[in-house]
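# Residue-level structure breakdown
The residues making up each chain are set out below.
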Amino acid sequence: MMQPFRLALGELLLDRGAMDGEEVFTTLAPRYEGEGFFSSGAVLQGLQSLAATGIVREAWGKWSLTRYGEDRVRRNLPKTRQA
Amino acid sequence: MTAHDTADSRSLAYMRKGLFLAVLSGMIFSLDGLLITRAGTFAPYDDVGLLLLVTMACAGVHDTCAGVCITIYNWRTGRLRELVRSAASRPGRAVLGGSAIGAALGCGGYMAGLQMAGPAYTLPITTMYPAVAALLAFFVLRERIPPRGWIGLCLCVGGAALVGYVPPSGQPGSFFYLGLAFAGLAALGWGTQGVCVTSGMDFVEPEIALNIYYILSACFYVGLAAPTAALLSGVDAMTFVGDIVTSRGTAFLALAGFLGMTSYLAWYKAMNMVGVSRAMALNISYALWGIGFTALLGNVEITKTLLVGAVTIFLGMCLVIGNPREMLSLRKDAAS
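These figures come from a predicted structure and were not determined experimentally. (Residues numbered from 1 in each chain as written. Chains lettered and ligands numbered in written order. Predicted model: local features only at pLDDT ≥ 70, side-chain atom pairs only at ≥ 80, totals over all residues. Heavy atoms only, no water.)

## Considerations on the overall build of chain A
Convention followed: A run of H or I in DSSP becomes a helix once it reaches four residues, and a run of E becomes a strand once it reaches two; helices and strands are each numbered from the N terminus. Two things to know: the radius of gyration comes from C-alpha atoms, and the globule rule equals 2.2 Å times the number of residues to the power 0.38. Relative accessibility decides the category of a residue: with a 1.4 Å probe and only protein chains considered, values under 20% of the type maximum give buried, values over 50% give exposed, and everything between is partly exposed. Working rule for contacts: check all heavy atoms of both residues, and any pair within 4.5 Å makes them a contact.
When helices and strands are counted, chain A shows 5 helices and 3 strands. Along chain A, helices and strands appear, N-terminal first, in the series α-β-α-α-β-β-α-α. Taken over C-alpha atoms, the radius of gyration comes to 12 Å for chain A, in line with the 12 Å a tight globule of 83 residues would show. Along the longest, intermediate and shortest principal axes, the C-alpha atoms of chain A span 30 × 30 × 20 Å. Classification of the 83 residues of chain A by burial places 49% in the buried group. Residue pairs at least 24 apart in sequence account for 51% of intrachain contacts in chain A once pairs closer than 6 positions are excluded.

Next comes the structure, spelled out in structure tokens:
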């Protein structure tokens, strides 16, 4: 089941570790095919909003989850995905 | 300039945009209020004998129009599928819960407070909602609020209470204290709404969260609150609906709904970007902008109380905005 966009960003970083914005965009693009809102700008904006609440951090162009972010993402994923 | 500096300056620009949106939300919200007041001068919205029904109908028309506007916006920007999957997700449930609390406790408590205790006591009590939200955000979201921010928030709340102050008239009725309790419940409801929705908006986009809120709110007013009020008032619902459809006031309410949606969108985005306490404190500046816009239209006498209230809000806003650099880490837990 697909998660809300920002949670999907968090889920991706949880699975794959640090990634740059372009990698995040190309990885998620097939999932959001045909959805008008999805763009590289939307990905950057989503990551920035996650960074503002301390869920992700940016270092040297790579985005990764913080410890707090890992906990928040796990808690918000469906139970089948939390383990 | 290092990569770290670039990231910091981008975050700073993001925070400044959030603060701007919070102030903008207050400004647009005051225009929304002016249009609602104008709508209240047309029949059937001017019937003081049907105060409860008219208020619920006003809120119903306003929120339905706002809901239609935000749904069209989300459809045009390709977010409808995101709306469905967000509503079904865990963070979406936090948004749903917060919206239900805001619509039922917040608005219901406000209306009941107005009816039982009158505006003189209900308005200042309900103006406390940003303070309630800040306290909840401090404990629940563990939001960082510097001492200067608390002082600014208190000044904004105090100033807004002064601006909205209406001298009491007559003796308190038998439900006076119950009315005060309902007003307190409204402040608690709106404060809780802000915190629950902001918690959900960590993973749900503000546009989507707002769409969920307006759908729920419109259903609450049109499907439950207004019909109940019609039943209690002994009014023929169909005749009343006919009066609403043909009223010129409805056109003003529809326009107010559009402005309300714009204001809430800016407010939701601001809560997500700069935190609940700052966004709420700046949003409540609608009381300040309201004076300005009404003065421009020549409909208000600038009294000492208004002036003191306006200056207090302005000082409070300056303290809340403070140094945006301090907001680069909004939450205590995130820094650990």
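On we go.
## Focus: the pattern of salt bridges
In plain terms, the rule: For this analysis, a salt bridge means a side-chain nitrogen from Lys or Arg found within 4 Å of a carboxyl oxygen belonging to Asp or Glu.
Tallied over the full model, the rule gives 10 salt bridges over all chains. Two residues, B:Arg81 and A:Glu35, come together in a salt bridge whose shortest N-O distance is 4.0 Å. Here B:Arg81, found in helix α3 (residues 80–87), pairs with A:Glu35, found in the loop between α2 (21–28) and α3 (40–52), and the two come from separate chains. Owing to a relative accessible area of 49%, B:Arg81 belongs among the partly exposed residues under this scheme.

## Describing unusual backbone geometry
For the peptide bond that leads from B:Ala43 to B:Pro44, omega is 0°, which places it in the cis range. Among the secondary structure elements, B:Pro44 is positioned in the loop between α1 (3–39) and α2 (51–76). A positive phi angle, close to 50°, is found at A:Trp60, a residue other than glycine. Residue position: A:Trp60 is located in the loop between β2 (56–59) and β3 (62–65). Backbone geometry places B:Arg142, a non-glycine residue, at a positive phi of 50°. Along the chain, the position of B:Arg142 falls in the loop between α6 (129–141) and α7 (147–163). Among the residues examined, B:Arg142 registers a relative accessible area of 34% and is labelled partly exposed.

## Section: the interface of chain B and chain A
To be explicit about the condition: A 1.4 Å probe defines the accessible area here, and the buried area is the portion of it lost by two parts on being joined, summed over both.
With 29 residues of chain B in contact, the opposing surface of chain A contributes 31 residues. Together chain B and chain A conceal approximately 2,800 Å² of surface at their shared face, both sides included; 53% is due to carbon and sulfur atoms. Looking only at chain B, the three residues that lose the most surface to chain A are B:Arg85, B:Arg90 and B:Phe203, adding up to 28% of its buried area. Here chain B and chain A share 3 salt bridges between them. Salt-bridge contacts for A:Glu35 lead to B:Arg85; the nearest nitrogen and oxygen are separated by 2.6 Å.

## Some remarks on helix α14 (residues 304–321) of chain B
Helical geometry note: an α-helix holds 3.6 residues per turn, so side chains three or four residues apart project in the same direction. Residues and elements named next belong to chain B. We apply this condition: Each residue after the first adds 1.5 Å to the expected span of a helix. Comment: arc refers to directions from the helix axis out to C-beta atoms.
Here α14 spans 26 Å end to end across 18 residues, near enough to the 26 Å set by a 1.5 Å rise per residue. Taken residue by residue, α14 has Leu306, Gly309, Ala310, Thr312, Ile313, Gly316, Met317 and Val320 as its buried positions. Down the axis of α14, the smallest arc covering the buried residues is 165°, so these residues share one side.

## Describing the side chain of B:Thr250
All names here are of chain B. Here threonine 250 shows up in helix α11 (residues 248–274). The buried category is assigned to threonine 250, whose relative accessible area is 18%. Not counting residues within four places of it along the chain, the set of residues in contact with threonine 250 comprises Tyr45, Val61 and Ile244.

## Description of a nonpolar patch on the surface
Residues and elements named next belong to chain B. This is how it is decided: Within this analysis, patches are made of residues with over 30% relative accessible area and no salt bridge. Like charges are joined at 9 Å or less; nonpolar side chains (Val, Leu, Ile, Met, Phe, Trp, Tyr) at 5 Å or less. Where accessible areas are quoted, they stem from the Shrake-Rupley method and a 1.4 Å probe; at the residue level, only the protein chains shown are allowed to cover.
On the surface, a cluster of nonpolar side chains totalling about 380 Å² of accessible area is made up of Val68, Ile72, Trp75 and Leu80. Here the nonpolar patch takes 3 residues from α2, the largest share from any one element. One can find isoleucine 72 in helix α2.

## Concerning the pairing of β2(A)
Residue and element names in this part refer to chain A. As a reminder, the rule being used: At least two bridges found by DSSP between two strands is the condition for calling them paired.
As defined by bridge partners, β2 adjoins β3 across 4 bridges and the pair is classed as antiparallel. The residue bridging glutamate 58 from the neighbouring strand is tryptophan 63, located in β3. Taking the residues between adjacent antiparallel strands as the criterion, β2 and β3 are bridged by 2 residues, where tryptophan 60 takes a positive phi near 50°.

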